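Listed below, chain by chain, are the residues.
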Amino acid sequence: MAPQSKNEHSQKVNQGLPDPGLINDLLEKSAGKKGSLIPILQGTQDVYGYLPANVLRVISDRTGYSVSTIYGVASFYSQFRFHPVGKYMVRVCHGTACHVQNANAIEQALQDELKIDDGCTTEDHLFTLETVACLGCCSLAPVMMIGEEAHGNLTPEAAVRIIRSIRRREGGAL
Amino acid sequence: MTPKKIILGMGSCGLAAGASKIWDRLNALRQSGTIDCNISATGCIGMCYMEPLLEVVDEKGSVIYGKVDETRLDEIIESHILKGEILAHYVVKSTFMPASEDSFFTSQKRIVLRNCGQIDPENIDEYIQRGGYEALKHIARENVPPDSIIDEVIASGMRGRGGGGFPSGMKWRITRNSDSPLKYLVCNADEGDPGAFMDRSIIESDPHSVIEGMIIAAYAIGASVGVIYCRAEYPLAVKRLKGAIAQAGERGFLGCDIVGINNFCFSLEVKEGAGAFVCGEETALIASVEGRRGMPRRKPPFPSESGLWDGPTSINNVETFTNVPWIILNGSKAFSSIGTSGSKGTKVFALTGKVRRGGLAEVPMGITINEIINGPGGGIREGHKFKAVQLGGPSGGCLPASLGDVAIDYESLTSTGAIMGSGGMVVMDETTCMVDVARFFLDFTCHESCGKCTFCRLGTKRMLEILERICEGNGSEGDIELLEDLAHEIISSSLCGLGQTAPNPVLTTIRYFRDEYEAHIKEKRCPTGVCTKLLTYSILPDRCTGCTICARECPVSAISGEKKKTHFIDVNLCTRCGTCFIKCPFKAIERK
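Calculation notes
Residues numbered from 1 in each chain as written. Chains lettered and ligands numbered in written order. Predicted model: local features only at pLDDT ≥ 70, side-chain atom pairs only at ≥ 80, totals over all residues. Pairing = 2+ DSSP bridges. Helix = DSSP H or I, 4+ residues; strand = E, 2+ residues; numbered from the N terminus. Axes fitted to C-alpha atoms, helices over the stretch in contact; angles between N-to-C directions. Contact = placed C-beta atoms within 7 Å. Core = buried A, V, L, I, M, F, W, Y, C linked by C-beta atoms within 7 Å. Buried ≥ 20, exposed ≤ 12 C-beta atoms within 10 Å, placed from the backbone. Domains from an automatic or database assignment. Nonpolar A, V, L, I, M, F, W, Y, C, P; charged D, E, K, R; others polar.

Q: Give me the lowdown on the sheet that holds strand β4 (residues 61-65) of chain B, citing residues and values where you can.
A: Residues and elements named next belong to chain B. The strand order β2-β1-β3-β4-β5 describes an open sheet built from five strands, whose pairing is mixed. Both edges of this open sheet fall to β2 (38-42) and β5 (91-94), since each of them pairs with a single strand only. Looking at each pair of strands side by side, their axes are set apart by 25° on average, direction ignored. The pairing of strand β1 (residues 5-9) with strand β3 (residues 54-58) spans four bridges and is classified as antiparallel. Bridge pairing in β3 links Ile 6 to Val 56. Of the strands in this sheet, β1, β2 and β3 are in contact with helix α2 (residues 19-31), which crosses β1 at around 160°.

Q: Can you tell me about the nonpolar core, naming the residues and giving the values?
A: The biggest cluster of nonpolar side chains holds 213 residues, and the ones touching the most others in it are Val143(A), Met214(B), Ile215(B), Ile216(B) and Ala217(B). In this view, Ala217(B) contacts Trp172(B), Leu185(B), Ser314(B), Asn316(B), Phe321(B) and Val324(B); residues no more than four positions away in its chain are not counted.

Q: Quick one: what's the story with the domain arrangement of chain A, residue by residue and with numbers?
A: Examined at the domain level, chain A breaks down into domain 1 (5-76) and domain 2 (88-169). Summarising the inter-unit geometry, the C-alpha centres of domain 1 of chain A and domain 2 of chain A are found 28 Å apart.

Q: How would you explain the sheet that holds strand β7 (residues 225-230) of chain B if you had to name every residue and give the values?
A: Residues and elements named next belong to chain B. If you trace the four strands from one edge of the open sheet to the other, you get β8-β7-β6-β9, paired in parallel fashion. Strand pairing shows two members of the sheet lacking a second neighbour, β8 (267-272) and β9 (313-317), which therefore form its edges. Direction aside, neighbouring strands of the sheet carry axes that sit 20° apart on average. Relative to β9, strand β6 (residues 184-189) is paired through five bridges, and the arrangement is parallel. Paired with Leu 185 across the strands is Ser 314, a residue of β9. Set on the sheet, helix α11 (residues 235-250) makes contact with β7 and β8; between it and β8 the angle comes to about 165°.

Q: Tell me about the domain arrangement of chain B, and please be specific about residues and values.
A: All names here are of chain B. Assigned domains within chain B: domain 1 (5-102), domain 2 (124-335), domain 3 (346-429), domain 4 (434-522) and domain 5 (535-591). Computed from C-alpha coordinates alone, the two centres of domain 2 and domain 4 are separated by 35 Å. On the domain 4 side, the residues contacting the ten residues of domain 2 number eight residues. Class assignment for the residues of the side of domain 2 that touches domain 4 results in seven nonpolar, one polar and two charged.

What follows is the structure, given as structure tokens:
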């Protein structure tokens, strides 16, 4: 599994404000295009891993949308985040099929293993845990996705094993 | 006998089951010279429960092996690929011999899924070889006028497959009749229902069928701009769509003067959704494509008259578009000969939950729920009993096993309180608590309500609170009636489909499983043991050996007892976490 390159910049974030220059190309490509606000926000999140406040202000200056309009749109959609995320995004599916196959137990095991709640990031910035409505892999329920790789037919033990193997690869302590 | 070709299932389901490892290993083996044959990828054939699937094609025909992990792959290579000896016990489907999963396909009729699992979705030539873009070329060759295409689709009787069931051709006619010079065509691939994955599989496995259907529709209604609104949670589907659009453009199926039809210009782009279930509603989807908050607006005007950028816009579902090329090539009569008087053609269902075979099945309209569950679904998992089936996701309803003989058609399903929906079919057995299922769906719709209509925004929240307290043992007399009252208010006072259907899971579970609600409320008991707050744990004296494990493991020290003597659980301290139940090596903890 390739680590999520899109979150590389989230590491730098802690040292200071993220550099808005990283989305210059994106803004230029979208200039004057109707209905481009959501793709701009998606592109921004791809670059930084989240939507940094100072970058949203730059988007506002360049597109003419007010900051409140941009925030209104960004906060409406569950895809957008306003805080940095870990290198690995762990998304636990809570779709119907997963729910009836006890997705809650998977979620609980992951929370215990990572020692974080839903929506939070581990202290070492390695993992962010998120519950999602449905990943569409229902026949393999219960399912979780790490980065863009889906893991199916999970048991709580198997989910923990997968997390530990990533930790080991990343050289972290168990 | 050297096999000509090895094909690996690389849809999301295959990948989730580990297909990428098999893919890497196959390629490594070819590079090292161990095997000498073509290796290619395909999408999802529907047998998701058997993934990863590996197909071996040689002069005799094809065999598909199921559940191919690395060990099994080595066996297949050793025996079939190198020696030509088929490993019959692993074969799930074959073109020339009986196989273990043949019954998965017997009651199916594949129109929409005609190419799924048969072609490499990233290779336009494989689509063309199977008759792809032939419908479009036929239209150009025979000079078929747009109105005749609309007539043909209306005659076929096809109704929208996204859930609404509005006749697709009628939508097209309204858009066509508009005078506006700029018309839009939108494909709704924002499959947000938890428990549904038909559209994802179709796009991942056969993106060109959707694109061809859209091009034909664009020609019929006179649209020049097309948008596919696809969930961002489906990265593989988005990638394959973009790739397929680029290929179609290179071959002249998109752009200007398409397939030689003068002045027929059509461009197509993919818009990724940003995670809002309400955007499955047409007007909310349009707001989202325009870059705004995805909130529905009042209708009329309907999008067919005034939609995207205020232009006439026809919005159809993925499955609907996929049917179109088939109807053009085979004729409306062939399509309308399948199904019932009011519901024509086939419907793809995503079969999941407690069935033996979870996957995608396409069946003719009119067959019964039982026929799907026992046919393609292979029946309920061993040792369990069919209790209920949930159709149509958060907008649909739960039907009890006693209604298993209800036919799959729009009217029959609506009369039960459920809906056809987009095709999610979650099967439940006796271990599923119906009150919990209702709470689960309300939790979903409450979270996904856009907030515009008060009754949807606050009503779903109040309903959820009532359901939560019932599940926690704090339900009181009158709660069921209160739920019903709120449900009817929400249905009648919400602007869009989300609110109008949100109470359906609650209403149907009350209608068919009222006794379960009453057990929770009056007896403070969850008959299935799912609602943990309602469980009581006790120790069976004749089994307890006094090993003290439970007492040591209990996180709240609710268990006491001397070594080698029977232990006791203090029900007042017990938080019902279930740790003792799991840890006891002698099965001495009873859970009721």
